[in-house]
Structures are given as structure tokens and as C-alpha cells.
Amino acid sequence: MSVAADAAAAPVLATSGLTKRFGGKTGQTAVDAVDLTVPRGAVYGFLGPNGSGKTTTIRMVLGLVRPTAGDVRLLGGRMPDDVATVLPRVGALVEGPGFHPYLSGRANLARLDAADRLADPRTSAQRVDEALDRVDLLGSARKRFRAYSLGMRQRLAIAATLLQPRDLLVLDEPTNGLDPQGTREVRTLIGRLNQEGVTLLVSSHLLSEIEQVCTHLGVMRTGRLVAQGSSADVLGSTRPSAEVTTPDTTRAAEVLAGLGLADVSPTPDGVTATLDGVAPEAVVAALVGAGVAVRGFVVRHATLEDRFIELTGGGFDADE
Amino acid sequence: MPTSDALPAAPADAPEVVEPVDAVGRAEQGARPGAVGAWLRFLRSELRLILGRRRNQVGLAVLAAVPVVIAIAVKVADPTSNGDDATFLNQITGNGFFVALAALALEIGLFLPLAVAVLAGDAVAGEANVGTLRGLLVVPVTRGRLLAVKYVALVLGALLGVVLVAVVGLVAGAVLFGLHPVVTLSGTTLGLGAGLVRLLLVVLYVTAYLAALGALGLFVSTLTEQPMGATVGIIILSTAMWILDSIEQLHWLHPWLLVDHQLALVDLLRDPVYTHDLSLGLLTDLAYVVVFLAAAWARFTSKDVTS
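None of the values given here were measured: they were computed from a predicted structure. (Residues numbered from 1 in each chain as written. Chains lettered and ligands numbered in written order. Predicted model: local features only at pLDDT ≥ 70, side-chain atom pairs only at ≥ 80, totals over all residues. Heavy atoms only, no water.)

### Things to note about the overall build of chain A
Counting its secondary structure elements, chain A contains 12 helices and 15 strands. Buried residues in chain A amount to 52% of all 320 residues. Considering only contacts within chain A whose residues lie at least 6 apart along the sequence, 67% involve residues at least 24 apart. Accessible surface for chain A amounts to roughly 13,000 Å². Of this, 51% is attributable to carbon and sulfur atoms. (Helix = DSSP H or I, 4+ residues; strand = E, 2+ residues; numbered from the N terminus. Buried < 20%, exposed > 50% of the residue type's maximum accessible area, 1.4 Å probe, protein only. Contact = heavy atoms within 4.5 Å. Areas by Shrake-Rupley, 256 points an atom, 1.4 Å probe, with all protein chains shown as cover.)

This is the structure:
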């Protein structure tokens, strides 16, 4: 296949015009013309509120759900037709951990390994235990899944993706239900896997958990991909803002407006505005020169959270 | 072909945890277990899953309890009570061999179909319900392969149930009444060995019926994510067929019913075996297997897995 021939440049995953409508022509459009591009070696943070279409997109990428329109190129193959040849190189955790409740964690992984046509049965036990060890579950390997805490279940699901060496890991909400400690461990694991050469697609509706490890970001809103690119690109398109703490609110606002700053608005203890290329020191000088009593001055760069809310229009579940 | 050379697996200098996996995890050339070996491995795992489940073990115990109950009931009842039906009950006092046949004839109406319905409900709907279906499909297990393994395991489970009933029946009969040469329904006498061969044929005939019901059940199981719903649906279908089959006025419908020829199993106890109804029964079984496995395949391979 010519696309995959120059593999160094070819993305691990690329969708074009990917669309899913549930319930026929009049049905609800869950995913609307999404062009996802996950470059080789990336940690791609796939963000969006609950119900924005992330999981449906992931299900189409993995061949679980058939697209209404558009196509998916995954590791040089075309999904869902090439499921059998492509998916062995993909580890996936889709929409939370799903395991047999009355089997132990180890037995659940052994079952998945037995189902793998390409797995070597002679090394099965060894690989299962190594995967459990990587997520620190070896001590609870013999416990029934039913007795696992939510965090342990989530870790078992991650372990299931590590039974084989992979080129791509798709982790849908991997930190769901984890405590801060567990979340940090997952983040560390993601970083380590990435260093080993694995590309990762990690979805989340919790931004702070994912922001620190992602090299690339894609943001979904009501079924549409509203932003995509390297983290710097996606975050960089926001402008820093100035936050002035002062009792002279009215005077300060006039000065900021006079300097040509946009979005000037009062806060309970001061004024904020978008810097728009004006140097912060010039703003402070102007304020002081105008006799404004400046008690505090902060330049805030947009966090992913701000950008996210800007892109998705606020509330996490607003679009359901 | 996807370019596997252009997309290398984890680098060779990966940390120690990964390296042995990389070296031995995938059985590529030479060491490759082969398609048949891999298929059998998955089937074994499926059978372990079925047999390891407490509820299924209890179900097997219930199946096995029926011949014991029959044997004891006949033993303690008035030995002079007599009937003239074909359920073999009245022959038991003379020969423990008939406990197995009586048990199978009694269980074919509800208990054995119920067992198949439970296994079929678990097969696809059950996996969808606990969320393991998506996990299997992304392993990846192709959908056709998954259905094939599920169906074979289902049939083997049914066979196990039928064999268990027959064996427990033989043992209970032997203990309480002794085993003797078998008097056929035609009045001739078969040696015990020949009688056991006939019993084996009955076991296979009943299993063929259950295999056909299993195909129907597997199809129902692909329609829902609720295993109990699938099980109840299969039982309703099975029981409805028995009821319809007993209404004389619906005789035009009877040839289409899976259950119409199942009691022909008594013909295996005639001498010589009366094959007319038996072969019709087997043909009906075959037709149900073909139609409903095709339906299950068509449904499952085109289905959006959103569970």
C-alpha cells in the first residue's frame, strides 16, 4: 500500500470524514466528519465532554462499530476490513474494564490470551504475570474480578493491553475511577510506554490528568473535532491574560482599555483583560503612572482547561 | 499487505520487562502453534469458562438428579402399578437400563432445552452484558471465529449434559434394579452390549436436537445484550413448539417445528430400528442448524458492538 510505504511520515492512525449516525437517516449523529491524525510516536490526548463522540470514534477505529461514512486507516490497514491483520499490533481499552466477575484477574487475562490466535501458549503464563506486574496487580492476581476496587479493575484493563508488544495503545478513559496516586501511576506508565516507542491514543474528559503527558491533542464537541494538533499548537492559539488586583476598579479598566487591551472586565477585587501583544511591564507602568493602586498583577497563560472550555463551550455535559 | 517492516514492534532495547515478551510473545514463524492449535486453545478456554461457572455446575447437578429421582421413585412405589406409555417408566422395575431412557425422555421437554438456553444466553449476550465482548473482538477475535467457538462449545456442553443424564441413569438403574438384556418395543431381546449401543444412539439423537436448538439460541443471543432475556426467549420458543406440536388441528404446521420428531427417539428401541421419523428428525435438526447459524452469522458480523 503506497500510503504506508513512506511509513516514517505516515500517521499511525488517520480517519477521514469519519461519521456515525445511530438509528437510520433521521437518527442522531454521534460522530460528524472527524479527521483524526495520530502521528507515530505521539501521546495523543483525545478530549471532549461526556457524550461528545470520543468513544464512538474509538469504537469505529477498532472495528467494533461500522462507520456510516468516511474511512479509517490504522497501521497501514483499512478498518474494519483489516481487523485480523492490524489489531494484533494494537492494544485497546474501550469504555471501562469489562471482565468476567467470577474469574480471577489472572484467569481473565489468560482467557484473553487464549483467544489470541497469534499468542504463543507456552509463554502465556509468563506474559500474563508480567502484564499484571506492570500495573502492580500481581499481588491480587488470584482475587476474583468481582472483589477488585474500581482502580484495580482499571489497571487490569490496562494490563490486558500489555499482553503483547504493541505499536499503538488506545486507552479510553484510563484514569476513570482512579485515585490521585493511581492516576499518577497511569501517567507514568503512559510516559514509559511512549519512550519504548509505543504510540498512544488516550481519551479523557478530565483534562488535568492528561495535559502533562500529551504531545498532541484533539478536542471533540458534539461529534465534531473542533481542534487538533501538537499540544503547543492547540494551547498556543490562546492569548495570555492580565489580572490586576486593585481597589480602583473603574480607573484601572479605563487604563487597560486605553492601552487597547481586549475583553476588559471587572472581577470582585480588580480587573482582567487579554494582553493582545502588549508587554506586561508596559501595562504595569501605565497603571502606576495613572495612579492606580496596584496590589497584584498576574499574567495568566491559558491552561488546557481554559482552552477546552473555550472550545467546547463550557460545561462538561452541556452537549448531551 | 500492511507494511510490518515499516512499523517495527517495541525497540530491541526496551526495558527488561518487555524484552522477553518481544522475543517469545508472538509465535511468528516456526514456533507458530498453527490455526488448529490456536482454535482448540480458544475452545478449551471457552469450555473452562462454561464448566467453571457455579451456576452451570448446579445445572448439571439438576440434570443428573432427575434419573436418580426417577429410579428411587419407581423403587419405592407400588411395583404392580402399570401403564402403557412409551416413556419407559413401566419397564424400569424389570431392567435398570430403562432409567436412562426414561430420564432422557422426561428431560428433553424442559430441562435439557433450558440448559441449552442458559448456555446460549451466556454465549454472546452474556459476554456483551459483562463487557467482555468488546475485549475479545479487539484481541482480535474475528466475529466468525468467535461464533464458531461459541457454537462448538455450546454443542459440547449439551452433549455433556445428555451423556451425564444417561450415565447417571445407568448407574442408578444398575444399583437399584440391575442391568439386564434389553427387551425392545418390538418384543425382541437385545444383549446388554447392543442395548448400550442403542442408548448411545439415543444420546446422539437428543444431542442433535439440542444442537439445532443451540443454533436458534445463538441467533437469539446475538439480538440482545441481556443473557436472561435471551434465555427466556429461547425457552419460550422451545416450549411454544412443544405446545403447538401437541395441538392436532395444527398438523400442517408440525413439519416445520424443530420438536416434531424428537420423541421418535423411542424408535431407536425398536427392532429393527424404525428410521423414517428419525431421519426426518435429523433433517429438521440440520435445517435449523444451517438456517439459524447463517442468521446468527449475518446478524453478528454486521452488528455494531456498543456494549
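The discussion continues.
### Looking at the environment of A71 of chain B
Locating A71 of chain B in the fold gives a position in helix 3 (residues 54–76). Discounting chain neighbours no more than four positions away, the residues touching A71 of chain B are V99, A172, L176 and F177 of chain B.

### Things to note about a negative patch on the surface
All names here are of chain A. Taken together, the side chains of D133, D136, D179 and E185 define an acidic patch exposed on the protein surface. Here D133 lies in helix 5 (residues 124–134). The class of D133 is partly exposed, set by a relative accessible area of 45%. (Patch = residues over 30% accessible without salt bridge, like charges linked within 9 Å, V, L, I, M, F, W, Y side chains within 5 Å. Salt bridge = Lys/Arg side-chain N within 4 Å of Asp/Glu carboxyl O. Lys, Arg positive; Asp, Glu negative; His and termini not counted. Charge placed at Lys NZ, Arg CZ, Asp CG, Glu CD.)

### A look at empty space enclosed by the protein
Evaluation of the coordinates by the stated rule reveals 3 cavities of 30 Å³ or more. For the largest cavity, the calculated volume is near 330 Å³. Forming the walls of the largest cavity are 28 residues, and the residues nearest its centre are A92, L112 and A160 of chain A together with G135 and V138 of chain B. Every element with two or more residues in the lining of the largest cavity is listed here: strand 7 (90–93), helix 4 (105–115) and helix 6 (150–161) of chain A together with helix 6 (132–137) of chain B. Its residues assigned to classes, the lining of the largest cavity comprises 13 nonpolar, 10 polar and 5 charged. (1 Å grid on protein atoms, 1.4 Å probe; cavity = no way out; pocket = protein on both sides within 12 Å on 5 of 7 lines; lining within 4 Å. Points joined across faces, edges and corners; volume = space filled by probe spheres on them. Nonpolar A, V, L, I, M, F, W, Y, C, P; charged D, E, K, R; others polar.)

### Some points on the UniProt feature "transmembrane region" (unreviewed entry) in chain B
UniProt feature "transmembrane region" (unreviewed entry): in the numbering of this structure it lies at residues 58–77, 97–120, 151–179, 199–220, 227–244 and 278–298 of chain B. What you have in residues 58–77 of chain B is 95% helix and 0% strand, and the ends, taken at the C-alpha atoms, are 28 Å apart. (UniProt positions renumbered as here; feature names shortened; annotations may be inferred.)

### Side note on the sheet that holds strand 15 (residues 296–300) of chain A
Across a sheet, paired strands are connected by hydrogen bonds in the backbone, their directions being either parallel or antiparallel. All names here are of chain A. Judged by pairing direction, the sheet is antiparallel, and its 4 strands sit side by side in the order 13-14-12-15 without closing on themselves. Two strands close off the open sheet at either side, each with one partner strand: strand 13 (262–267) and strand 15. In this sheet, adjacent strand axes meet at a mean angle of 15° when their direction is disregarded. Sheet topology note: the strand 12 (residues 241–245)/strand 14 (residues 270–274) ladder contains 5 bridges and is antiparallel. Of the residues in strand 14, the one forming a bridge with A242 is A273. (Pairing = 2+ DSSP bridges. Axes fitted to C-alpha atoms, helices over the stretch in contact; angles between N-to-C directions.)

### Quick word on the pattern of salt bridges
Under the counting rule described, the total for this entry stands at 20 salt bridges over all chains. In this structure, the salt-bridge partner of R251 of chain A is E254 of chain A, at a minimum N-O distance of 3.1 Å. Taken as a pair, R251 of chain A and E254 of chain A lie in helix 10 (residues 249–258) at a separation of 3 residues, close to a single helical turn. Within this structure, R111 of chain A together with E46, E127 and K150 of chain B form a network of salt bridges that share partners.

### Digging into the nonpolar core
Judged by nonpolar contacts, the single largest core of 155 residues is most densely connected at L62, L74, V90, L109 and L200 of chain A together with L104 of chain B. Ranked by the residues each element gives to this core, the list is headed by helix 8 (residues 192–221) of chain B, at 14 residues. Leave out the neighbours within four places in its chain, and L200 of chain A touches A42, V43, Y44, L168, L169, L171, I190, L193 and N194 of chain A. Counting residues in hydrophobic clusters, the runner-up holds 12 residues, among them A242, L256, L261 and L287 of chain A. (Core = buried A, V, L, I, M, F, W, Y, C linked by side-chain atoms within 4.5 Å.)

### Details of a nonpolar patch on the surface
All names here are of chain B. Nonpolar side chains collect at one region of the surface, where V58, V62, L110, F111 and L114 lie side by side and expose about 370 Å² of accessible area between them. At the level of secondary structure, the elements contributing two or more residues to the nonpolar patch comprise helix 3 and helix 5 (111–130). For V58, the location among the structural elements is in helix 3. The partly exposed category is assigned to V58, whose relative accessible area is 47%.

### A closer look at helix 7 (residues 143–177) of chain B
An ideal rise of 1.5 Å per residue puts 51 Å on 35 residues; helix 7 of chain B measures up with 50 Å between its terminal C-alpha atoms. G178 of chain B, located one to two residues past helix 7 of chain B, shows a positive phi value of around 80°. (Expected span 1.5 Å × (residues − 1).)

### Let's talk about the pairing of strand 14 of chain A
Side-chain positions along a regular strand alternate between the two faces of the sheet. All names here are of chain A. The element strand 14 is extensively covered by neighbouring structure, given that 5 of its 5 residues are classed as buried. Residues of strand 14 alternate between two faces, with G270, T272 and T274 on one and V271 and A273 on the opposite face, all of them buried. With 4 bridges connecting them, strand 13 and strand 14 associate as antiparallel partners. Looking at the pairing, A262 lines up with T274 of strand 14. With antiparallel pairing between neighbouring strands as the criterion, strand 13 and strand 14 make up a hairpin whose turn holds 2 residues.

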